[in-house]
Amino acid sequence: MARGTVAQLAALVAGVALMAAPAVGGYSGDAAADVHRTVGPFAAAIAVTALWPALGSLRWANLVLGAVLLLAPAVVGHDTSALVAAAAGGAVLVASAFVAPPARHRTGGGWRELVEGR
Amino acid sequence: MNAGPRAPVPRASHVPPGWDYNPSAWSQRTPIVALALVGGAIAIYLSLYQLDVVASVWEPFFGSGSRRVLDSPTSRVLPVPDAVLGAAGYLVDAVTGLIGGVDRWRRMPWLVILFGVAVGPLGAISVLLVVIQPVTYDAFCTLCLASAVVSVLMIGPAVDEVLASLQHVRRARQRNVGWARALISGGA
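Basis of the calculations
- Residues numbered from 1 in each chain as written.
- Chains lettered and ligands numbered in written order.
- Predicted model: local features only at pLDDT ≥ 70, side-chain atom pairs only at ≥ 80, totals over all residues.
- Heavy atoms only, no water.
- Helix = DSSP H or I, 4+ residues; strand = E, 2+ residues; numbered from the N terminus.
- Contact = heavy atoms within 4.5 Å.
- Areas by Shrake-Rupley, 256 points an atom, 1.4 Å probe, with all protein chains shown as cover.
- Buried < 20%, exposed > 50% of the residue type's maximum accessible area, 1.4 Å probe, protein only.
- Disulfide = S-S within 2.5 Å.
- Axes fitted to C-alpha atoms, helices over the stretch in contact; angles between N-to-C directions.
- Parallel < 35°, antiparallel > 145°, perpendicular 65-115°, else oblique.
- Left-handed = near helix turned anticlockwise from the far one by under 90°.
- Nonpolar A, V, L, I, M, F, W, Y, C, P; charged D, E, K, R; others polar.
- Patch = residues over 30% accessible without salt bridge, like charges linked within 9 Å, V, L, I, M, F, W, Y side chains within 5 Å.
- Salt bridge = Lys/Arg side-chain N within 4 Å of Asp/Glu carboxyl O.
- Phe/Tyr/Trp six-rings, centres within 6.5 Å; stacked < 30°, edge-to-face > 60°.
- Lys NZ or Arg CZ within 6 Å of the ring centre and 35° of its normal.
- Core = buried A, V, L, I, M, F, W, Y, C linked by side-chain atoms within 4.5 Å.

Trainee: Requested: an account of the overall build of chain B, with residues and values cited.
Mentor: Scanning chain B from N- to C-terminus turns up seven helices and zero strands. Listed by position from the N terminus, the elements making up chain B come as α-α-α-α-α-α-α. Each principal axis of the C-alpha distribution contributes one length, and for chain B these read about 80 × 40 × 25 Å. Sequence-distant contacts, at least 24 apart, represent 72% of the contacts inside chain B between residues at least 6 apart. Split by element, the accessible area of chain B, about 9,200 Å² in all, is 70% carbon and sulfur.

Trainee: Tell me about the environment of A33 of chain A, residues and numbers included.
Mentor: Residue and element names in this part refer to chain A. Along the chain, A33 turns up in helix α2 (residues 31-49). Using a relative accessible area of 0% as the deciding quantity, one classes A33 as buried. In this structure the C-alpha to C-alpha distance between A33 and A82, which are 49 residues apart in sequence, comes to 7.6 Å. If we skip the residues at most four places from it in the chain, A33 touches P22, Y27 and S28.

Trainee: Any chance you could break down the state of the cysteines for me, citing the residues and the numbers?
Mentor: Residue and element names in this part refer to chain B. One pass over the full model with this rule turns up one disulfide over all chains. A sulfur-sulfur separation of 2.2 Å characterises the disulfide bridge that pairs C141 with C144. Disulfide C141-C144: the torsion about the S-S bond is 70°, which places it as right-handed.

Trainee: Break down the packing of helix α1 (residues 3-25) of chain A against α2 of chain A for me, citing the residues and quoting the values.
Mentor: Helix packing for two helices is described by the angle between their axes and how far apart those axes are. All names here are of chain A. For the pair α1 and α2, the least separation of the axes is 7 Å and the interaxial angle reads 155°. When the axis of α1 is compared with that of α2, the two are roughly antiparallel. As α1 runs across α2, the sense of the crossing is left-handed. Only A33, H36, R37, V39, G40, P41, A43, A44, A47 and V48 of α2 make contact with α1, whose side of the interface consists of Q8, A11, L12, G15, V16, L18, M19, P22 and A23. For the contact of α1 with α2, the class distribution of residues is 14 nonpolar, four polar and one charged.

Trainee: If you had to explain a nonpolar patch on the surface to someone new, which residues and values would you point to?
Mentor: All names here are of chain B. Residues I44, L48, L51 and V53 make up a contiguous nonpolar surface patch of about 350 Å² in total accessible area. Mapped onto the fold, L48 is located in helix α1 (residues 26-50). Given a relative accessible area of 31%, L48 falls into the partly exposed group.

Trainee: Which residues make up the side chain of S165 of chain B, and what are the values?
Mentor: By secondary structure assignment, the location of S165 of chain B is in helix α6 (residues 142-174). With residues near it in sequence (within four places) discarded, S165 of chain B still touches R104, W105, P109 and V112 of chain B.

Trainee: Tell me about the packing of aromatic side chains, and please be specific about residues and values.
Mentor: Residue and element names in this part refer to chain B. Tallied over the full model, the rule gives four aromatic pairs over all chains. An aromatic cluster of at least three residues, connected via ring pairs, comprises F61, F62 and F140. Taking NZ or CZ as reference, R104 lies 5.0 Å from the ring centre of F115, over its face.

Trainee: Requested: an account of the environment of C144 of chain B, with residues and values cited.
Mentor: As for its position among the elements, C144 of chain B is in helix α6. A C-alpha to C-alpha distance of 15 Å links C144 of chain B and L37 of chain B, two positions 107 residues apart in sequence.

Trainee: Explain unusual backbone geometry residue by residue, including any values.
Mentor: All names here are of chain B. Positive phi, close to 65°, is recorded for D52, a residue that is not glycine. Considering the arrangement of structural elements, one finds D52 in the loop between α1 and α2 (65-70). Relative accessible area serves as the criterion here: at 67%, D52 is assigned to the exposed category.

Trainee: I'd like a rundown of the nonpolar core, residues and numbers included.
Mentor: Residues Y27, V39, L65, L69 and L93 of chain A are the most contacted members of the largest nonpolar core, which totals 18 residues. Those elements giving two or more residues to this core turn out to be α1, α2, α3 (61-71) and α4 (80-97) of chain A. Ranked by the residues each element gives to this core, the list is headed by α2 of chain A, at seven residues. What V39 of chain A contacts, discounting residues up to four positions off in sequence, is L18, L65, V68, L69 and L93 of chain A. Membership of the second largest hydrophobic core comes to 16 residues, among which are L55 of chain A together with I32, A36 and A94 of chain B.

In structure tokens:
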């Protein structure tokens, strides 16, 4: 399996894990839980969608979501479990953004073609 | 005179220029339509609960989570329950996914764009609802999550067809074809 595919699948797992982390880690009522339950579904959806040839660049949105996770402990309180989830999830999302999904197909220049044209 | 074996007459290619596959091929669209039908079935079932046609809703994992989500004020913020809107959205997805032939990316750009508009926002709204469930009501709903997964899986294959149509409209515009003609007939 190509590295880019593995990276997006890792981001998908991270997103789903973030959704479950507040219940598993026992911080469901905290503000950190809201952050993780908000970032998780979007990160998972972006990871799946970025696997398609025309939408690979969407993975960069997970760079932003990863940064939000990593910076959130400075803004809202995180207990140890939440801190671990934020650090692990944030690291995976940030890293996944830098590994492009494999270019399995040509799409006529992609979205750039619409902007630049020829 | 024997001219030898004849070269096959090339058929008009339905693959967009610069592409190596046809995003309007049935092999690309059938899975989307199938997903839309699955999502529609889920949404219709949830609608029946929200419309009080059935008394309970199937929930294998989250206890009373489904009822809390489906009976929440958010699900009734519009005149009709949100699952009914979801079912309508999936129906639009399925119908717009079925109409047109394998060259619809250039023959019916308007339809392909409508298809993308139906699929993309529906997926985004589904993800938003997945966020609202636990953040606002501290609850999850299994079938709502399943519906969201279906919606998200439809986005990728739908959007690549939209891209092919938009590229075609752009080429038509470069040939000085008017917007309306380019969108409606692809400038043919």
